[in-house]
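# Geometric and topological summary
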Amino acid sequence: MTTMYAALLRGINVGGAKKVPMAELRTLLGELGHGAVRTYLNSGNAVFSSENDDTDALAAGLERAIAKRFGFEVACIVRTGSYLKAVADACPFPAEELEGKQLHATFFSGPAEPERFAGIDPKAFAPEEFRLGDQVLYLYAPDGLGRSKLAEALNKPSVLKGIDATSRNWNTVKALVEMTHG
């Protein structure tokens, strides 16, 4: 059975480092045997179909292919379209009432236990807030991610040790849901 997936690449095409042209990423995914390949924006979002149902294996295969083709490592998180839809549906914030830049989803490569975030005092960052979901963290940052002190605290290596994480604004989350279901 063929499933639609989204590949979320971390830290590419930012500030001139780790350049991965989207046309080359589409070609690479096709060479890996995936179908219906499309990309969204220039920030490492790709959608594809595959008969492989192992998201970790799909991510590892893409990571190896990127390292071989481009000569650097990029963390990749692969999620099914149904997972992305569940993430959007479970959003604990009023997504319809917010601008896309105010709401973000940080996707984790594995489970992120609440204990990881126990040292972060939510009151110290108000009105910013975060909530944990299924391998995702929802972040409300009214002034955007670039100015968010809470995002900075949440992304410290001591908090994320042992898991990869990559964030997308809510507009991108909605677009990826649509692309994996369209």
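Residues numbered from 1 in each chain as written. Predicted model: local features only at pLDDT ≥ 70, side-chain atom pairs only at ≥ 80, totals over all residues. Heavy atoms only, no water.

## Comments concerning the nonpolar core
Core analysis: the biggest nonpolar cluster contains 22 residues, and Phe107 and Trp170 have the highest contact counts within it. Of all the elements in the fold, those that place two or more residues in this core are strand S1 (3–9), helix H3 (81–89), strand S5 (103–108), strand S7 (136–140) and helix H6 (170–181). When residues of this core are assigned to their parent elements, the largest contribution, five residues, is made by H6. In terms of nonpolar packing, the next biggest core, distinct from the first, is built from 21 residues, Met22, Leu28, Ala46 and Ala59 among them. (Core = buried A, V, L, I, M, F, W, Y, C linked by side-chain atoms within 4.5 Å. Buried < 20%, exposed > 50% of the residue type's maximum accessible area, 1.4 Å probe, protein only. Helix = DSSP H or I, 4+ residues; strand = E, 2+ residues; numbered from the N terminus.)

## Re the packing of helix H1 (residues 22–31) against helix H2 (residues 55–70)
Interaxial distance between H1 and H2 falls to 11 Å at its minimum, and their mutual angle equals 125°. Overall, the two elements H1 and H2 adopt an arrangement that is oblique. For H1 against H2, the interelement crossing comes out right-handed. Residues Glu24, Leu25, Leu28, Leu29 and Glu31 of H1 pack against Leu62, Ala65, Ile66, Arg69 and Phe70 of H2. Looking at the contact of H1 with H2 residue by residue, the class counts come to seven nonpolar, no polar and three charged. (Axes fitted to C-alpha atoms, helices over the stretch in contact; angles between N-to-C directions. Parallel < 35°, antiparallel > 145°, perpendicular 65-115°, else oblique. Left-handed = near helix turned anticlockwise from the far one by under 90°. Contact = heavy atoms within 4.5 Å. Nonpolar A, V, L, I, M, F, W, Y, C, P; charged D, E, K, R; others polar.)

## Description of unusual backbone geometry
With an omega of 10°, the peptide bond between Ala126 and Pro127 qualifies as cis. One can find Pro127 in the loop between S5 and strand S6 (129–132). Of note in this structure, Leu41 is not a glycine but carries a positive phi near 60°. Mapped onto the secondary structure, Leu41 falls in the loop between strand S2 (35–40) and strand S3 (45–50).

## Remarks on H1
The set of residues buried in H1 consists of Met22, Leu25, Leu28 and Leu29. Here the buried residues of H1 occupy an arc of 115° about the axis, which is enough to place them on one side. The elements touched by buried residues of H1 are S1, S2, S3 and H2. Gly33 lies just past H1 and shows a positive phi near 95°. (Arc of directions from axis to C-beta.)

## Let's talk about the packing of aromatic side chains
Counted under the stated rule, the structure contains seven aromatic pairs. One aromatic cluster is present, built from ring pairs that chain together Phe108, Phe117 and Phe130. The side chain of Arg79 reaches across the aromatic face of Tyr83, ending 5.5 Å from its centre. (Phe/Tyr/Trp six-rings, centres within 6.5 Å; stacked < 30°, edge-to-face > 60°. Lys NZ or Arg CZ within 6 Å of the ring centre and 35° of its normal.)

## Looking at the sheet that holds strand S8 (residues 165–169)
Spatial strand order, S6-S7-S5-S8: four strands in an open sheet with antiparallel pairing. Since the sheet does not close on itself, it has two edges, and those belong to S6 and S8, each with one partner. Each neighbouring strand pair of the sheet contributes to a mean axis angle of 20°, computed without reference to strand direction. As paired strands, S5 and S8 are joined by five bridges and run antiparallel to one another. Bridge assignment links Ala105 to a residue of S8, and that residue is Arg168. Across the face of the sheet, H6 comes into contact with S5, S7 and S8 while running at roughly 90° to S8. (Pairing = 2+ DSSP bridges.)

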